Amino acid sequence: MPLFIRTPNLLQRLKQVLIASPLERKRKLKRAAQIVARFPILMFCFSPALLVVLVVRIIRPIFLIRVEAFICWRLGHFAGNTDLYLCELDAGINKPKVPFLDIWYYPCAPCNHQLARMWNRVLYIGPANLFGLVRDINDFIPGGKVHQIGENTNSDRDVNNLLDRYPPHLSFLPEEDKMGQEGLRSLGIPKGAPFVCLAVRDDAYLRNQSPHLDWSRHDYRDCDVQNYILASKKLTERGYFVVRMGAVVNTALKVEHPMIIDYATRGLRNDFMDVYLGANCAFCISSTLGFDMIPISFRRPIVFVDCAPLELLRTSSPSYLSTVKKYWLSEQERYMTAKEIFISGSGRFQATSDFKELKIELFESTPQEILEVVLEMDDRLKKQWKSTDEDEILQQQFFELLPKISYHGEIRSRIGSDFLRKNQDWLV
């Protein structure tokens, strides 16, 4: 959470403290005490910050300075939003027409310190105590919007299909690459051996990160990691090592196999290897969670399994292959068609309570269904996949149904062929 309280929010925050539960009130009061403890630093920085704002405003006609905070407390946004900001600058989108300088700052400790080190090498980073106040003062004084980076930081959706146009903005130093290779050896992955990252979402990370908050609204996104064992075993038969990712997870993979590495539970994970593994995998299997923005930032192919909500499929690149969760109408005891999902609005639901209100249950893919889409990705990458005319028709039918909304630009991704073949009634 940002460390800086903006003046218009003070009364609202005080009200929230008064009406909060005892546990939440205790947390908010502790937070307030931390801010009060920082007052001497903030007051010391206030005059310099005000001076910076005045200078920035005066020179604006000939040199524009913009200030923005990283969204650094969630891995997906820290990687994805920042990468898209740089892609947009490359493409001339939201890029000032006058000479400019963008200054970033960390409003809190970054969730991944290796990623922070790498962004520090390509972006201008200012001290948080000073530039947090610069941002607050600038926002308070009318006319400050032009000094915000703004839209570039609000989304990790590649609506302009930029990730395929521009190379990664992050890279490893030679000594980091050497350390990464040593890390692979410590995991038991031989030099040159291909590996796949497996990232399956549960609620452990968010509960651990912010235990005082109710994260049940995201329960509809959770998946059972054990459903991925069949696909993992088959990948080892094809010569891949499989590395199960996760900073904090609920359960270990229930499999004993020398080429399936439960990196998340063996006490071997660290911030550096999280990034190195995601950057160097042959491809990633993800049930859509923050980690997948690491391989995306390094332009690695991804299999998205059990995407939900349906309309938030990632569609911007041909290197994405997806399946979706099935929507079950419990009162009618049947699955919803894709068209029903889109018309009802449930394709955009992003809270478990929304699904419960319409009595919709979401069902995960079976281990066999996961296996089929994973093998399709491997075959596609090896140029061994052959689509039939029927496959192309089914792909076209689905994407013609997908609403043309702001989440998507040009549609370039694919839905798993086996999924569409076996669920043709879903497209009716």
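Position labels on residues start from 1 in each chain and follow its written sequence. The predicted origin of the model limits local features to residues at a pLDDT of at least 70 and limits the giving and counting of side-chain atom pairs to 80 or more, whereas totals for whole chains, interfaces and linings rest on all residues. Excluded from the side-chain calculation are hydrogens and water; included are all heavy atoms of the structure.

S.K.: Can you lay out the packing of helix H4 (residues 75-91) against helix H5 (residues 113-120) for me, pointing to particular residues and giving the numbers?
M.R.: All axes are obtained by fitting lines to C-alpha atoms, using only the stretch in contact for helices, and the reported angles, taken between N-to-C directions, cover 0 to 180 degrees. Put simply, DSSP H or I for four residues or longer makes a helix, DSSP E for two residues or longer makes a strand, and each gets a number counted from the N terminus. Contact geometry for H4 and H5: axes closest at 11 Å, N-to-C directions at 15°. On the basis of their axis angle, the class for H4 and H5 is roughly parallel. The two elements H4 and H5 cross, and the hand of that crossing is left-handed. Judged by residue contacts, Leu75, Phe78, Ala79, Thr82, Asp83 and Leu86 of H4 engage Leu115, Ala116 and Trp119 from H5. Small angles under 35 degrees read as roughly parallel and large ones over 145 as roughly antiparallel, with 65 to 115 read as roughly perpendicular and the rest as oblique. Note on convention: the crossing is left-handed when the near helix lies turned anticlockwise from the far helix by less than a right angle, right-handed when the turn is clockwise. Contacts are assigned to residue pairs that have any heavy atoms within 4.5 Å of one another.

S.K.: Could you give an account of the sheet that holds strand E7 (residues 283-286), naming the residues involved and the relevant values?
M.R.: Pairing between two strands requires that DSSP report at least two bridges joining them. Across the sheet, seven strands lie side by side as E6-E5-E4-E7-E8-E9-E13; this open sheet has parallel pairing. Unpaired on one side and paired on the other, strand E6 (260-261) and strand E13 (414-415) mark the two borders of the sheet. Where strand E9 (residues 320-324) and E13 come together, two bridges link them in parallel fashion. Note that in E13 the partner of Leu321 across the bridge is Arg414.

S.K.: Which residues make up the pattern of salt bridges, and what values go with them?
M.R.: Salt bridges, as used here, are contacts in which a Lys or Arg side-chain nitrogen is within 4 Å of a carboxyl oxygen on Asp or Glu. In the structure shown here, the tally under the stated rule is 24 salt bridges. The salt bridge involving Arg269 is made with Asp271; its shortest N-O contact spans 3.1 Å. Each of the salt bridges in this network shares a partner with another, and the network as a whole consists of Arg238, Asp378, Asp379 and Lys382.

S.K.: Break down the packing of H5 against helix H10 (residues 271-280) for me, citing the residues and quoting the values.
M.R.: Between H5 and H10, the shortest axis-to-axis distance is 6 Å and the interhelical angle comes to 70°. The angle between the axes of H5 and H10 places the two elements in the roughly perpendicular class. The segment H5 lies against H10, with His113, Gln114, Leu115 and Met118 engaging Asp271, Phe272 and Val275. Each residue is assigned to one of three groups, with Ala, Val, Leu, Ile, Met, Phe, Trp, Tyr, Cys and Pro labelled nonpolar, Asp, Glu, Lys and Arg labelled charged, and all others, Gly among them, labelled polar. Of the residues in the contact of H5 with H10, the class split is four nonpolar, two polar and one charged.

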